[in-house]
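What follows is the residue order along each chain.
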Amino acid sequence: MIVVEHDEETMRAADELVELGPGAGTEGGEVLFQGSPAACALQPAAVSRTGPYLARKLRVGKDARQRVPDGRWLTVRGASEHNLKNCDAAFPVGLLTAVTGVSGSGKSTLVNDILAAAAARKLNGAKVLPGRHRGLEGLEHFEKTVRVDQEPIGRSPRSNPATYTKLLDLLRDLFARCPLAKVRGYRPSRFSFNVRGGRCERCQGDGQIRLDMQFLADAYVECPSCSGRRFNRETLEVRFHGKSIADVLDLTVGEAMQLFRHVPRIMEKLATLDAVGLGYLRLGQSAVTLSGGEAQRLKLSLELSRRQQGQTLYLLDEPTTGLHWVDIQRLMDLLFKLRDAGNTIVVIEHNLDVIHLSDWIIDLGPGGGNEGGEIVFAGSRAGIERESRSLTGQALARWKARG
Ligand SMILES: Nc1ncnc2c1ncn2[C@@H]1O[C@H](COP(=O)(O)OP(=O)(O)O)[C@@H](O)[C@H]1O
Ligand SMILES: [Mg+2]
C-alpha cells in the first residue's frame, strides 16, 4: 500500500517512508530519505525535513504571544441546524480560535453553514441562507468576512500568480514604458494574452493548441506559431533588461525579485508572495496546477497585502489538510500576523500542533452525528485537558505526554 500523507500517526505507522524535497516547486524534486520512520527520526535537518519533527527536535511554534479575550465576543445563539443541539457559541474577537471535535460533531455546520453564512449576509451583502440559529451578536466589531480555503483560484488556466495578485497589470505598464514600445506606440494591453493585439493569434494566447482526438480525451500540443510563448514576435521584441514579457512570466518570484529590485511597486507584490513561502513559484504558472496549500497561501498573501487591515473575520475549514510541518509553521505564522493586525481568526482543525497554539478552543461533540452537536468545552488550552468528556482534550494530553 502506498499512501501520500503528512499525518504524523500515519507516518509513524508506516513500514517505510520515502521523503521528497528539500523544498517545494523548483526547490524540490529529489528523494531525500528512504527507510523506516525510526531511521528517519535520526536524520539531521540537513538530510531530512521530516526527521527532526518526528524526533520532536523541531515543533510548530509561534513567535506571537498568546492572547486572552478582551471582552468583545461574536456569539451565535441557539444554533440548531443538522445535529446542533441549540448551542450558544462565543468566539473571542481579535483571537485565533480552533473549532475542534470528531468528524460529524457539527464543526462545519456551526462555522460554515451558520457563522460564515450569517456574517457574509450581513457584512458582505451575500445572498446566502444561513443554517438554523436564533441570532448572531457582535457583528459590529467587523467590517467584512473572508473564507480562505484550498479551492483553486479561478477556474481558468489563464489565471496565474501574476494575474491573481494584479502584478501583471504593473508588468504591462512597465513594458509599455520601454523605449521600443513607446516608439511603436504599444499600449499596456499589447502585453496581455487575453486580448487581440500582442498575443499570438494562432493559439489566442494559450501557448498550446487543442487537438480533437475524436473518441479519446483532448490532446494538447505546443503552438507551432509562438512555440508556447503566447505572444507574437513583435511584442516579444520589447525587452526590459533583456527580458521579454514571456521571459518574465517564466521567472520564479525569487528570480523576479532580482530583476525588479529597483521597481518598488512590483517589488512590493513580489515580496508578499515570497513572505508566504511562494518564492519558488513561476509568475505565469497556470493557477489550475497549484496545489491546495499553494492556492491557500496565495489567498492569504493577498489578504496580507491589503492596505487597510483589521476588523476582518477569517474563517478556515481544516487549513492544514495536505500540509507538511514546515508548511503548517508557515501557515500559523501568517495567521498570527493577521491576528496581530486586529483580525479575528476561526479555524476548524484536527491538527494538534494547531490546536495547541490556538488562543481559544471550542470543542464540539462528544461524538459524531446524533451523539454530537453540543459544545463540550470552550476556553483556553489549559482547561480542555481537564474536561473528561472532551476527546480533543484527551488527545492533547496524550500528545503532550509523548514529549
Ligand atoms: N446537508 C446535510 N444534510 C443533513 N445532514 C447533514 C448535512 N451536512 C451535515 N449533516 C450532518 O450533520 C452532522 C454534522 O456534520 P458536520 O457539521 O459536517 O460535521 P464536522 O464538520 O464536525 O465533521 C453530521 O451528522 C452530518 O452527517
Ligand atoms: Mg467538516
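Computed from a predicted model, the values in this text were never measured in an experiment.

Caption draft 1: Fine view of the overall build of the chain. In terms of regular secondary structure, the chain is built from 16 helices and 13 strands. If one aligns the C-alpha atoms of the chain with their principal axes, the spans along those axes are about 75 × 55 × 50 Å. Partitioning the intrachain contacts of the chain with sequence separation of at least 6 by distance along the chain shows that 58% fall at a separation of at least 24.

Caption draft 2: Highlighting the sheet that holds strand β4 (residues 87-92). Here we have three strands laid out as an open sheet, ordered β4-β3-β6, and antiparallel in their pairing. Because the sheet does not close on itself, it has two edges, and the strands there are β4 and β6 (135-137). Each strand axis lies, on average, 10 degrees off the axis of its neighbour in the sheet, ignoring direction. The sheet strands contacting helix α4 (residues 107-123) are β3 (73-79), β4 and β6, and the helix crosses β3 at an angle near 115 degrees.

Caption draft 3: The site of ligand 1, seen in detail. Neighbouring residues of ligand 1: His 82, Asn 83, Gly 101, Ser 103, Gly 104, Ser 105, Gly 106, Lys 107, Ser 108, Thr 109, Gly 368 and Gly 369. In terms of residue class, the shell around ligand 1 is built from no nonpolar, eleven polar and one charged.

Caption draft 4: Inspection of the domain arrangement of the chain at higher detail. On domain assignment, one finds that the chain holds domain 1 (8-54), domain 2 (73-152 + 291-401) and domain 3 (161-288). Each of domain 1 and domain 2 has a C-alpha centre, and the two are 30 Å apart.

Caption draft 5: Up close: the sheet that holds strand β5 (residues 96-100). Across the sheet, six strands lie side by side as β7-β10-β11-β5-β12-β13; this open sheet has mixed pairing. Only two strands of the sheet have a single neighbouring strand rather than two, namely β7 (144-147) and β13 (374-379). Recorded for the sheet is a direction-independent mean angle of 15 degrees between the axes of neighbouring strands. Looking at chain direction, β7 and strand β10 (residues 312-317) are connected through four bridges and run parallel. Residue pairing for β10: Thr 145 is matched across the bridge by Leu 313.

Caption draft 6: Geometry of α4. At Ala 116, α4 is deflected by roughly 30 degrees, the largest bend along its length. A large share of α4 lies buried, amounting to twelve of its 17 residues. Immediately downstream of α4, the backbone of Gly 125 shows phi near 70 degrees, a positive value.

Caption draft 7: Quick look at unusual backbone geometry. Following Gly 21, the chain continues to Pro 22 via a peptide bond in cis, the omega torsion being 5 degrees. For Pro 22, the position within the fold is in the loop between β1 (17-21) and β2 (30-35). Phi at His 241 is positive, roughly 45 degrees, even though this residue is not glycine. Its location among the elements puts His 241 in the loop between α8 (233-236) and α9 (245-249). In this structure His 241 comes out as exposed when scored by C-beta crowding, with 11 C-beta atoms within 10 Å. Of note in the backbone geometry, Glu 318 takes a positive phi value of approximately 50 degrees without being a glycine. The residue Glu 318 is located in the loop between β10 and α13 (325-340) in this model.

Cut-offs and rules
- Residues numbered from 1 in each chain as written.
- Chains lettered and ligands numbered in written order.
- Predicted model: local features only at pLDDT ≥ 70, side-chain atom pairs only at ≥ 80, totals over all residues.
- Helix = DSSP H or I, 4+ residues; strand = E, 2+ residues; numbered from the N terminus.
- Contact = placed C-beta atoms within 7 Å.
- Pairing = 2+ DSSP bridges.
- Axes fitted to C-alpha atoms, helices over the stretch in contact; angles between N-to-C directions.
- Near = placed C-beta within 6 Å.
- Nonpolar A, V, L, I, M, F, W, Y, C, P; charged D, E, K, R; others polar.
- Domains from an automatic or database assignment.
- Bend = angle between axes of the 7 residues up to and from the residue.
- Buried ≥ 20, exposed ≤ 12 C-beta atoms within 10 Å, placed from the backbone.

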